Amino acid sequence: MKTKAITRKALFDLIWEKSLRKVAQQINVKSNKLKKICAEEDIPTPQAGYWIKIKHGKPVFKPELSGDLEREIVLEGIAIKGSKFISESLSLTKPHQLIKEAREGLKQAKPMFLYSSPQMVTTGRNQIDITVSPNLIKKSLVFMDKLIKYLEAKNHTIGYNEHYGTIMRVRNIEFEVSLREKSKRSKETDSVYESYKMVPTGTLIFKTRGYPYREWVSTKNKTLVQKIPDIIGYLEEKADERNQLKIIHKENMKRQEQERLEKERQQNLIIAEKEKFNNFYENSLRYDKAQQLRKYITVIEQQNKDSGMKDNFADLVHWAKKKADWVDPLIEHDDPILGNYSDYLP
């Protein structure tokens, strides 16, 4: 689709049908240009994480488009930040400091004899990651210089790992990237046996390592330099997705912690309630035991009333009454020898 104008309603429908980057590719404009158009035309766009929620079947909010729905928008003549760096010039004009360091590293590097990178040179430790044949050094440096300047114009940063590897930091998300010259397998003609070797192709490949893995190369319609906005746009989109996943993960962790605390609170309530009931029930048994003792004391007192109590019997009754009070939870009388009744229980 190479239309140079589109209605507000048509653009709104497209933006809520697929990601901004895909719409930009479809209508043949840059992602950042499309964002600027939407802001100027008051067209709401999906928030970060919208497509992640759609993917996982979660509820999302889609606003209504207000204003003149059929007004046409011209899709050309809008400059985007950083576009001055996107040109096909092969001159290094005021190269970035990282490019100066990489240039020195490539000058000093000796060609490798690895099967996958034959006769190529590579940058060293604490330098951006470039591996190319000597005749592509300048082209690779020019590309990386334009890429870095465009990246920084978008308020992102670039650096390197402690030892080897290039890190682009986009919206607080790190992506490991590298620039390589593509090689291909070629049959050796001067060998008695059928054998193959890898040979440089003269084609640069810019790629991300790990997740998400992605490669960019020049095509018939677009050079690698012209794809720089697409590269940064892709990294921004992936950064938004990962940031949203972080938010979702943080929310899930918070929810799980709240659920754990609530479960723990409920369990503590149950334990406390059981303990309270068991204590109450135990006290009722102690009370019955104390009453039983008192009934028994009353009976033996009645049996010995007519015959007259002897001193030793009177002492026994006094002792027994003290023990009944000791058992009775309503009195909580401590025994001089056995102490508190609760401590006496097995």
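Everything quoted here is computed from the prediction, not taken from an experiment.

### Quick look at a nonpolar patch on the surface
Part 1 of the argument: On the surface, Phe277, Tyr281 and Leu285 cluster together into a nonpolar patch covering about 320 Å² of accessible area.
Part 2 of the argument: Judged by relative accessible area, which is 52%, Phe277 ranks as exposed.

### Points about the nonpolar core
Part 1 of the argument: Residues Ile130, Phe143, Met144, Leu147 and Phe206 are the most contacted members of the largest nonpolar core, which totals 35 residues.
Part 2 of the argument: If you list the elements that add at least two residues to this core, you get helix H5 (97–108), strand E4 (130–132), helix H6 (137–153), strand E6 (166–170), strand E7 (173–187), strand E8 (196–208) and helix H7 (228–303).
Part 3 of the argument: Here this core takes eight residues from H6, the largest share from any one element.
Part 4 of the argument: Those residues in contact with Met144 that sit more than four places away from it in its chain are Ile99, Ile128, Ile130, Leu179 and Phe206.

### Let's talk about the packing of aromatic side chains
Part 1 of the argument: For the structure shown, the criterion picks out eight aromatic pairs.
Part 2 of the argument: Taking 5.4 Å as the distance between ring centres and 75° as the angle between the ring planes, the aromatic pair formed by Trp216 and Tyr234 counts as edge-to-face. Highlighted residues: Trp216 in strand E9 (residues 214–217) and Tyr234 in helix H7, separated in sequence by 18 residues. Comparing Trp216 with Tyr234 shows no difference in burial state: the two are buried.
Part 3 of the argument: Here the basic side chain of Arg214 rests over the ring of Tyr234, its NZ or CZ set 4.7 Å away from the ring centre.
Part 4 of the argument: Here Arg242 stacks its cationic end above the ring of Phe175, 5.1 Å away from the centre of that ring.

### Some details on the pattern of salt bridges
Part 1 of the argument: Under the counting rule described, the total for this entry stands at 22 salt bridges.
Part 2 of the argument: A salt bridge links Asp325 to Arg294; its shortest N-O distance comes to 2.9 Å. Here Asp325 is found in helix H8 (residues 311–327), whereas its partner Arg294 is found in helix H7, with 31 residues between them in sequence.
Part 3 of the argument: On the accessibility criterion, Asp325 (23% relative accessible area) is partly exposed.
Part 4 of the argument: Asp328 serves as the salt-bridge partner of Arg294, at 3.0 Å between the closest nitrogen and oxygen. Pair noted here: Arg294 is in helix H7 and Asp328 is in the loop between H8 and helix H9 (341–344), with a separation of 34 residues, a long-range link.

### Points about the packing of H5 against H6
The relative placement of two packed helices is expressed as an angle between their axes plus a distance between the axes.
Part 1 of the argument: Packing of H5 against H6 brings their axes to within 10 Å, and their N-to-C directions diverge by 160°. Overall, the two elements H5 and H6 adopt an arrangement that is roughly antiparallel. H6 is crossed by H5, and the crossing has right-handed handedness. Seen from H5, the contacting residues are Leu98, Ile99, Ala102, Arg103 and Leu106; seen from H6, they are Ile137, Leu141, Met144, Asp145 and Ile148.
Part 2 of the argument: When its residues are assigned to classes, the contact of H5 with H6 shows eight nonpolar, no polar and two charged.

### Regarding H5
Because each turn of an α-helix spans 3.6 residues, side chains separated by three or four positions in sequence point in the same direction.
Part 1 of the argument: Between the first and last C-alpha of H5 there are 17 Å, a value that for 12 residues agrees with the 16 Å anticipated at 1.5 Å per step.
Part 2 of the argument: Along H5, the positions that sit buried rather than exposed are Leu98, Ile99, Ala102, Gly105 and Leu106. Each buried residue of H5 lies within a common arc of 120° when the element is viewed along its axis, so the set occupies one face. For H5, the exposed residues set more than 90 degrees away from the buried face come down to Lys107 and Gln108.
Part 3 of the argument: Contact partners of the buried residues in H5: strand E3 (121–122), E4, H6 and strand E5 (157–160).

### Observations concerning the packing of H6 against H7
Part 1 of the argument: Where H6 meets H7, the closest approach of the two axes is 10 Å, and the angle between their N-to-C directions is 50°. In terms of orientation, H6 and H7 fall into the oblique class. Seen from above, H6 lies across H7 with right-handed handedness. Taking contact as the criterion, the partners of Phe143, Lys146, Leu147, Tyr150 and Leu151 in H6 are, on H7, Ile228, Pro229, Ile231 and Ile232.
Part 2 of the argument: Across the contact of H6 with H7, the residue classes tally to eight nonpolar, no polar and one charged.

About the criteria used
Residues numbered from 1 in each chain as written. Predicted model: local features only at pLDDT ≥ 70, side-chain atom pairs only at ≥ 80, totals over all residues. Heavy atoms only, no water. Patch = residues over 30% accessible without salt bridge, like charges linked within 9 Å, V, L, I, M, F, W, Y side chains within 5 Å. Areas by Shrake-Rupley, 256 points an atom, 1.4 Å probe, with all protein chains shown as cover. Salt bridge = Lys/Arg side-chain N within 4 Å of Asp/Glu carboxyl O. Buried < 20%, exposed > 50% of the residue type's maximum accessible area, 1.4 Å probe, protein only. Core = buried A, V, L, I, M, F, W, Y, C linked by side-chain atoms within 4.5 Å. Helix = DSSP H or I, 4+ residues; strand = E, 2+ residues; numbered from the N terminus. Contact = heavy atoms within 4.5 Å. Phe/Tyr/Trp six-rings, centres within 6.5 Å; stacked < 30°, edge-to-face > 60°. Lys NZ or Arg CZ within 6 Å of the ring centre and 35° of its normal. Axes fitted to C-alpha atoms, helices over the stretch in contact; angles between N-to-C directions. Parallel < 35°, antiparallel > 145°, perpendicular 65-115°, else oblique. Left-handed = near helix turned anticlockwise from the far one by under 90°. Nonpolar A, V, L, I, M, F, W, Y, C, P; charged D, E, K, R; others polar. Expected span 1.5 Å × (residues − 1). Arc of directions from axis to C-beta.

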